[in-house]
Amino acid sequence: MKPQRPISLRKPRPGIVVPRAKPRRFYGLGVPGVDVTKLAGKLIVIEGADGSGRSTQIARLVAWLEGSGHATVQVGLKRSTLVSEELDQAQQGNILSHTTLSLFYATDFADQMENIILPALRAGFMVLADRYIYTLMVRDMVRGMDAAWLRNLYGIALAPDVVFYLNVRPEELVERTFAKKQALDYWESGMDLGLSRDMFDSFLQYQALVAAKFKELQRSYGFTILDGHCSADELNVELRRRIESVLTG
Ligand SMILES: Nc1ncnc2c1ncn2[C@@H]1O[C@H](COP(=O)(O)OP(=O)(O)OP(=O)(O)O)[C@@H](O)[C@H]1O
Ligand SMILES: [Mg+2]
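Calculation criteria
- Residues numbered from 1 in each chain as written.
- Chains lettered and ligands numbered in written order.
- Predicted model: local features only at pLDDT ≥ 70, side-chain atom pairs only at ≥ 80, totals over all residues.
- Pairing = 2+ DSSP bridges.
- Helix = DSSP H or I, 4+ residues; strand = E, 2+ residues; numbered from the N terminus.
- Axes fitted to C-alpha atoms, helices over the stretch in contact; angles between N-to-C directions.
- Contact = placed C-beta atoms within 7 Å.
- Expected span 1.5 Å × (residues − 1).
- Parallel < 35°, antiparallel > 145°, perpendicular 65-115°, else oblique.
- Left-handed = near helix turned anticlockwise from the far one by under 90°.
- Nonpolar A, V, L, I, M, F, W, Y, C, P; charged D, E, K, R; others polar.
- Buried ≥ 20, exposed ≤ 12 C-beta atoms within 10 Å, placed from the backbone.

(A) Structural context of the sheet that holds strand β5 (residues 224-227). Strand order in the open sheet made by the 5 strands is β2-β3-β1-β4-β5, with parallel pairing throughout. In this open sheet, the two edge strands, each paired with only one partner strand, are β2 (72-76) and β5. Here the average twist between neighbouring strands, direction ignored, is 20°. Pairing of strand β4 (residues 162-167) with β5, which is carried by 4 bridges, proceeds in the parallel orientation. Within β5, the residue paired with L166 across the bridge is L226. Here helix α3 (residues 98-122) sits on the sheet and contacts β1 (42-48), β2 and β3 (126-130); the angle it forms with β2, its principal contact strand, is near 160°. Running at roughly 165° to β4, helix α8 (residues 232-247) makes contact with β1, β4 and β5 of the sheet.

See the structure below:
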């Protein structure tokens, strides 16, 4: 397949004013008692579907950042010490309602926010998040949950310094996922939604729904969308360039 031209891999034209870094803030009420002005580190989020290349890029960014003297910490979904195992167990069955599963994920996120992300930022670390609240919100929105309720729930989240979204066509995601895992994931194929009995077909439909919701969120949360069909090297160069400008404020 011929690679698509990168959507946003353009250099800014001379004379264009680059916006100043926004002051730190929580999306909503945040975590009580946290002084955001004391968070010296940077929070960098990489979003994208299963197989979009997040881990590949994060591994390279960690090597690059550590090599240039920045201490790093990595977070991601279902990685809290509090509930990650229980969340895995819950997903083996189909017993939780959308709301309780959503709150379970929110708990996993809140635990990492409070016990990993905020302390690391306070200590000046670069925090690399492999997905963030946006994936959680999008998954729930696709399942019919109320967007305002979700926004309120994730008001506990700190607004990152930058959010990248690796945009990859569903057909390419299928190819990559098969090459890597030889199977599609039940949840990532949206099989609980009953879109199709055929997992492959369901995956394509579900990923299209997810991508559309991401586009909606992009308007309010302002992600940087990168063309995930570019080579891993090209993407990494672009990510570094953009992160460098975050680091220099
Ligand atoms: N830019 C790219 N172009 C082509 N293939 C890529 C690219 N980036 C990663 N890959 C390949 O695609 C597969 C998925 O990549 P990776 O594991 O980084 O994705 P991921 O988003 O972390 O996936 P998961 O959701 O499963 O954690 C891997 O086999 C990887 O080698
Ligand atoms: Mg990964």
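(B) Main features of helix α6 (residues 170-181). Along its 12 residues, α6 runs 16 Å from first to last C-alpha, staying within 8% of the 16 Å computed at 1.5 Å per residue. Looking one or two residues past α6, Q182 carries a phi angle of roughly 60°, positive in sign.

(C) Quick look at the packing of helix α2 (residues 84-92) against α3. Two elements in contact, α2 and α3, have axes whose closest approach is 10 Å; the angle formed by their N-to-C orientations is 155°. Relative to α3, the element α2 is oriented roughly antiparallel. Considering the relative orientation of α2 and α3, their crossing is left-handed. Contacts from S84, L87 and A90 in α2 reach L101, F104, Y105 and D108 in α3. Here the residues of the contact of α2 with α3 are counted per class, giving 5 nonpolar, 1 polar and 1 charged.

(D) Structural view of unusual backbone geometry. One non-glycine residue with positive phi stands out, namely K78, at about 55°. Within the element layout of this structure, K78 appears in the loop between β2 and α2. Of the residues examined, K78 has 17 C-beta atoms within 10 Å and is grouped as partly exposed. A positive phi is found at R131, a non-glycine position, where the angle reads about 80°. Within the fold, R131 resides in the loop between β3 and α4 (133-142). R131 gets classed as buried once you count the C-beta atoms within 10 Å, which come to 20.

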